[in-house]
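This is what each chain is made of:
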Amino acid sequence: MKLHLPVVSVYTVPTDAPEADGTLAWNSTTVVIAEVTAADATGTGWTYGPAAVGDFLRDHLAPLVEGRDALDIPATHEAMARAVRNAGRPGVAACAISALDIALWDLKSRLLELPLTRLLGSCREHVPVYGSGGFTTYHDKHLAAQLNGWVHGQHIPRVKIKIGEDWGRAVLRDVSRVEAARQVIGAEAELYVDANGAYTRKQAVRVGRALAGHGVGWFEEPVSSDDLTGLRLIRDALPCDITAGEYGYDLPYFARMIAAGAVDCLQIDATRCGGLTEFLRAAALAQAHGLQVSAHCAPHAHAAACAAIPNLRHIEWFHDHVRIEDMFFDGALDPTGGTVTPTHGIGHGLTLRAEEVQEYRVA
């Protein structure tokens, strides 16, 4: 079965409120969708990034994929990885590869009339998630409402908020927001924070010690994820888990982070690292070094693969991407109780609502 020329579409969706983390602010999210067909089946994959990802996918990768065997995903993945050598893999090219790779896995399982979880094989039926949002732009009532919805409404027992506001210049407010979050979610729920690389090394240690009193068990990117030495120093200084990895665009990135002893839990994003093919490889690399992994954002793209890996901790149930995936696809998962069950339907179980979301299409 030969692959037809993939179809690419790009959509930009305004956020439902102003959003920011420690180092970036935004008011919209762009999703790039790849659809690839063989025989009478179509697979769908996606990534989040600039519209340029769609251009690269359409102009450089789609012609390369056309005519290849739909079942030989490793060969197609390797061809794409080699083809972007001169363009540079990190960033736009890796996101484009990721979207197509996710589509290829969906297509293969549909051709075989299997759920993607059956094609990959499962370690678990139920995959843990954590609620993620808590943007620094949220006022106290907005933050409380979001946290309350996850923990007391949907009974998700673990949540994460953003800190590091204004590149670490608002530490008192950071700590105050964490204290407020703890009051909302109660003593039993797990509380995580994400600084998005906003702090300096010693500042992160000071903040981490203050947050320990509020039971924060997960400190994501206290410093830049490029600062592997800094991450290791902070990891050694604090009792909470130090995590990073979302900006990994290839397997060597994860190898360097693991070798540096930089993290307690490795984050991997299949919509950036090279799709499900590279996600599974990175997870195996982490397992070989005694580390758990957590899937970064794009929860519906990760769910089936996360059911397949033994060293999974959880999936990030990220507000922006959950909202878009609920809008764009039939078959969205329900996180009530703190887990999702990606075992139903054929492929990854999602179907694009192309007509319903046409108003957001930009390319």
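Residues numbered from 1 in each chain as written. Predicted model: local features only at pLDDT ≥ 70, side-chain atom pairs only at ≥ 80, totals over all residues. Heavy atoms only, no water.

Q: Help me understand the pairing of strand β5 (residues 158-162) in this model?
A: Strand residues, when the strand is regular, have side chains that alternate between the two faces of the sheet. The buried fraction of β5 is high, at five of five residues. Burial of β5 is two-sided: the residues R158, K160 and K162 facing one way and the residues V159 and I161 facing the other way are all buried. In this structure, strand β4 (residues 127-132) lies alongside β5, joined through two bridges in parallel fashion. In the sheet register, G131 faces β5, and the bridge partner there is V159. When β5 meets strand β6 (residues 190-194), the two strands line up parallel, connected through five bridges. Along β6, the bridge assignment pairs R158 with E190. (Buried < 20%, exposed > 50% of the residue type's maximum accessible area, 1.4 Å probe, protein only. Helix = DSSP H or I, 4+ residues; strand = E, 2+ residues; numbered from the N terminus. Pairing = 2+ DSSP bridges.)

Q: What is the right way to read the pattern of salt bridges from this model?
A: Pairing is possible between side chains of opposite charge, provided their charged atoms come close. Summed over all chains, the structure comprises 19 salt bridges. One salt bridge in this structure joins K160 and D194, with 3.8 Å as the shortest N-O distance. Of this pair, K160 sits in strand β5 while D194 sits in strand β6, and the two are 34 residues apart along the sequence. The same class applies to K160 and to D194, which are both buried. Note that D166 is salt-bridged to R169, the shortest N-O span being 3.2 Å. Overlapping salt bridges bring together K160, K162, D194, E220 and E316 as one network. (Salt bridge = Lys/Arg side-chain N within 4 Å of Asp/Glu carboxyl O.)

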